[in-house]
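Each chain, written out:
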Amino acid sequence: HTTPDFRELVGNIFGPIAIGLGVLYSYKLNVTKEEFKKIVFLIVLPCISVLAFTLIRNPDFSDYKFELGANFATAGGFGSNQVSTVLGLGMFLTFIFWINKWSLFKNRNYTVVLMLLFAIQGLLTFSRGGMIGAFVGIIAISWVYGKVGAKEKIQYAVPKIGNFLVLSAFVVVSSFFVANELTGGILELRYKGETNATLRGTQEKDLNVLTTNRYDIFMSDVELWQDYFILGVGVGGSKMMRSFEYGNFGDGGVAAHVELSRLLAEHGFLGLIYFLLILYLGSKVYFEKGDPLYKAAKLAMYVLALYTTFHAATRTFVTPLLISLSTLTIIEKAPSKNKPSKFITS
């Protein structure tokens, strides 16, 4: 059976379509700085809801046994990869509010506490992609701030990297220490890429083990692309074809976790063009001028969105949403008090 059902079709095509529709709406759309802050604030709120739900559903750690695999119990019973992605997004966005001194809470210390909670709970899911994504976003912001010239730093009140790297390091180290203690040291082994088999010495730790089989899935998609170079195997077909032609992952097949390889396998050369267009959008953000605080936020959103496609494909709405937001044009204020911006009227 190599024909995907309706859910497979929707699950695989909805992400790219959502990116396209989002970019069509947001590209060169003018929003004021205050509107942009409100948009980011509205994204943080559902992340907090996910955090609260997972905290309430946490097991009793005193008698809970952690294992070297994705943890559904600390993800509220849902997919740990997706939940970790949302928690990592929440951590990243709260960092933006904290570093730019935007108002999330009246007391900025609460923002740091929220960052810690996002980080600890995200680490406890044992799904590494979401937490690494948050760090990737933070590094992207730090990199942009580091490239800002002395004159611009004064003009736009760009935070000094040294002033927030210490606290950032504290959040990372302390959250990992707390989570590792709660898991009895299992978390550290998880982030080292250990499995029960590697600890027993029956399996060698290689790139495929470190990526939880993502490397083998990626390479099998590349094989499919070589066989169906122009148009690919069709939407949702890589999962079935992978199992049918190569027999690598059992009769049910395994879905692609890397959006690039899925695009190549299922859409062929057209999938490659689509991915290159996404990279082009990122280059536009990188080379744009203007307030470095907002450029850093948008570029970091884009980088996080792109990174997410390499561990969760486009199974969550994180990638379409963040790529769309990265294409917004930030202006100082609306053209007229009597004429609200296009974003508001839309």
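See above for the structure.
Parameters at a glance
Residues numbered from 1 in each chain as written. Predicted model: local features only at pLDDT ≥ 70, side-chain atom pairs only at ≥ 80, totals over all residues. Heavy atoms only, no water. Salt bridge = Lys/Arg side-chain N within 4 Å of Asp/Glu carboxyl O. Helix = DSSP H or I, 4+ residues; strand = E, 2+ residues; numbered from the N terminus. Buried < 20%, exposed > 50% of the residue type's maximum accessible area, 1.4 Å probe, protein only. Phe/Tyr/Trp six-rings, centres within 6.5 Å; stacked < 30°, edge-to-face > 60°. Lys NZ or Arg CZ within 6 Å of the ring centre and 35° of its normal.

Re the pattern of salt bridges
- Per the counting criterion, the structure on display carries eight salt bridges.
- Between Lys205 and Glu194 there is a salt bridge, and its shortest N-O distance comes to 3.0 Å. Taken together, the residues span a long stretch of sequence, with Lys205 in the loop between helix 9 (196-200) and helix 10 (207-210) and Glu194 in the loop between helix 8 (186-191) and helix 9 at a distance of 11 residues.
- In this structure Lys205 comes out as partly exposed when scored by relative accessible area, which is 36%.
- Linking Arg262 and Glu259 is a salt bridge whose minimum nitrogen-to-oxygen distance equals 2.8 Å. Of this pair, Arg262 and Glu259 both sit in helix 13 (residues 259-287), separated by three residues, roughly a single helical turn. Note on accessibility: Arg262 and Glu259 belong to one class, buried.
- What emerges from the salt-bridge pattern is a single network uniting Lys33, Asp291 and Glu332.

Section: the packing of aromatic side chains
- Tallied over the full model, the rule gives 17 aromatic pairs.
- With a centroid separation of 4.9 Å and an interplanar angle of 85 degrees, the aromatic rings of Tyr64 and Phe66 are classed as edge-to-face.
- Note on Tyr286 and Phe287: the rings are 4.8 Å apart at their centroids and 85 degrees apart in plane angle, and the pair reads as edge-to-face.
- One aromatic cluster in this structure is built from Phe36, Phe97, Trp102 and Tyr294.
- Stacked on the ring of Tyr286, the Lys or Arg Lys295 has its end atom at 5.6 Å from the ring centre.

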